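A closer look at the structure
Okay, here's what each chain looks like letter by letter:
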Amino acid sequence: AAVLIGLVAAIAAPTSADPYATIAIGSRKVLWTQHEDLLEHTYWEAAFSAAAGLYAFSWILARLINTNKFSLHGMYRNRLIRAYLGASKAKREASGFTGFVASDNMWMHDVPPAQRPFHILNIALNVVSGERLAWQQRKAQSFTVSPLHCGSFELGYRPTDQYGGRKGISLGTAMTISGAAASPNMGYHSSGVVGFIMTLFNARLGSWLGNPGPAGKKTWQDAGPRSAVQSLVREAFGLTTNSSPYVYLSDGGHFENLGLYEMVLRRCRSIVVLDCGCDPCFGYEDLGNALRKIRIDLRVPIEFDDALIRPLRGKLRRCAVATIRYSAVDGKLKDGVLIYVKPMLLGNEPPDVESYAASQCGFPHESTANQWFSESQTESYRMLGLHTVDEICQGWAGGPLEDFGRHVEEIYLGHPKTRAAGSAA
């Protein structure tokens, strides 16, 4: 409210000022509307004093204002918390003006770590100005936030209850960063011109937090940079790196959109991937990007048996099965199984889903730029997801995830696929 009042006052001031008001310039007076005279006859001492005063004022504000809060990141964060965390509460004592309430959010370290599934949020650490030539295309590295630790495998990890603020990082903040698709620095999507324009207009959904590595030994507990100037300059000119005291975090999809990289890094035996990215042409860009980075960085090949992926390619089934060859890295490790699920229309969907699909040609691959979810859109995606999972799980008696892998293989082959000795079933 204060910002809006100040903005209206600033716009109204020039139009309501007396056109005959004069300003003293040295020994003479000129009308304030005579801009040329103001520029030509103002003493340099006065201009220097005004510039110095404005610089000092800007420096003080830059030290006091958290750059993460005074951007679209703060607005986006509040709306996501309200939409997804606050919506599940029947009784809320929200502000009548904003509709927000602090109790909607929760601290990430308060999410029960023993609860299944264990929550890990996928984030990208931007390295647009990194020195590693091999990373000139990716321009980012993986970063995760969990109830226990925040950081990356290369830089290191910090305890979640202390990282990013006095009480640590909140679930709402981590969720917002993980979904910060529109940012000046966007990993392999980064563009110098676009980044400068987005910073200029403060279209910044990403967030600056302390470096979890050695470079951030004095900053990793800060809620944001101690000065907004340097961070804004780095954003505008694509100077983000992983060796500075603060790092720029954005949507995990700016590095790897499926979260598969981090699961393979943790040697998970059974992985289910729901690929819900916008992919109307079925180019499988996110899957290809994940397999490529895993093979390059982790040396772990993920192999799709032709019989298990052919129905997906032919758009006859919504999932495929692959073997994660951990044994290729360490012979003592057992291989894992990857179940890959892709949303698509096969003609056997519920009538209401078919009706929505007929009216929206992009469904179920509408652009993620569309953030205005109507009731019919939300329900159609939810119902398609439920129908997909029910179809895949049909006939499964339940049990460990390894049994689910065998079940999916049996659907495709008519019998469970025999794996090599020592591998995961």
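Use the structure listed above.
Quick caveat: nothing in here was measured; it's all calculated off a predicted structure.

What counts and what doesn't
- Residues numbered from 1 in each chain as written.
- Predicted model: local features only at pLDDT ≥ 70, side-chain atom pairs only at ≥ 80, totals over all residues.
- Heavy atoms only, no water.
- Salt bridge = Lys/Arg side-chain N within 4 Å of Asp/Glu carboxyl O.
- Helix = DSSP H or I, 4+ residues; strand = E, 2+ residues; numbered from the N terminus.
- Buried < 20%, exposed > 50% of the residue type's maximum accessible area, 1.4 Å probe, protein only.
- Axes fitted to C-alpha atoms, helices over the stretch in contact; angles between N-to-C directions.
- Parallel < 35°, antiparallel > 145°, perpendicular 65-115°, else oblique.
- Left-handed = near helix turned anticlockwise from the far one by under 90°.
- Contact = heavy atoms within 4.5 Å.
- Nonpolar A, V, L, I, M, F, W, Y, C, P; charged D, E, K, R; others polar.
- Polar contact = N/O pair within 3.5 Å; in protein donor to acceptor, adjacent residues only side chain to side chain.
- Pairing = 2+ DSSP bridges.
- Core = buried A, V, L, I, M, F, W, Y, C linked by side-chain atoms within 4.5 Å.

Quick word on the pattern of salt bridges
- Counted according to the given criterion, the structure contains 16 salt bridges.
- For the salt bridge of E154 with R132, the shortest nitrogen-to-oxygen distance reads 3.4 Å. Here R132 lies in the loop between strand 3 (121-126) and strand 4 (140-145) and E154 lies in the loop between strand 5 (149-152) and strand 6 (156-159), a separation of 22 residues in the sequence.
- Exposure remark for R132: the relative accessible area of 45% places this residue in the partly exposed category.
- Taken together, the salt bridges that share partners define one network made up of D275, D279 and K342.

Thoughts on the packing of helix 4 (residues 72-85) against helix 5 (residues 171-178)
- Running from N to C, helix 4 and helix 5 point in directions that differ by 115°, and their axes come no closer than 9 Å. Here helix 4 is positioned roughly perpendicular relative to helix 5, judged by the angle of their axes. Two packed elements cross with a definite hand, and for helix 4 against helix 5 that hand is right-handed. Side by side, helix 4 and helix 5 meet where H73, Y76, R77, L80, I81 and L85 of the first sit next to L171, G172, T173, M175, T176 and I177 of the second.
- Classifying every residue of the contact of helix 4 with helix 5 gives seven nonpolar, four polar and one charged.

Concerning the side chain of S244
- Mapped onto the elements, S244 comes out in the loop between helix 7 (228-236) and strand 8 (246-251).
- Relative accessible area serves as the criterion here: at 5%, S244 is assigned to the buried category.
- Polar side-chain contacts of S244 include one of 2.5 Å to the backbone oxygen of Y246.

Topic: the sheet that holds strand 11 (residues 319-324)
- Sheet architecture is open: four strands sit in the order 9-12-11-10, paired in mixed fashion. Looking at which strands have only one partner, the edges of the open sheet turn out to be strand 9 (270-274) and strand 10 (302-304). The sheet shows a mean angle of 25° between the axes of neighbouring strands, direction not considered.
- The pairing of strand 9 with strand 12 (residues 336-341) spans five bridges and is classified as parallel. Looking across to strand 12, one finds that V272 is bridged to I339.

Side note on the sheet that holds strand 6
- The strand order across the open sheet built from six strands is 6-5-4-3-8-7, with neighbouring strands paired in antiparallel fashion. A strand with exactly one partner marks an edge of an open sheet, and here the two such strands are strand 6 and strand 7 (207-210). Ignoring which end each strand starts from, the neighbouring axes of this sheet average 30° apart.
- Bridge count for strand 4 against strand 5 is two bridges, and the pairing is antiparallel. Counted as the bridge partner of T144 is G151 from strand 5.
- Where helix 5 meets the sheet, its contacts fall on strand 3, strand 4, strand 7 and strand 8, and the angle it forms with strand 3 comes to roughly 60°.

Re the nonpolar core
- Of all hydrophobic cores here, the largest spans 29 residues; its most connected members are L260, V264, I302, F304 and L338.
- Residue assignment for this core shows that the elements contributing at least two residues are helix 8 (260-265), strand 9, helix 9 (285-298), strand 10, helix 10 (306-313), strand 11 and strand 12.
- If you tally residues by element for this core, the top one is helix 9, at five residues.
- Excluding residues within four positions of it along the chain, V264 makes contact with I271, I294, L298, V300, I302, I324 and Y326.
- Core analysis: the second largest hydrophobic core is formed by 20 residues, L85, V127, V145 and L155 among them.

Interpretation note: all reported values are geometric properties and have no functional meaning in isolation.
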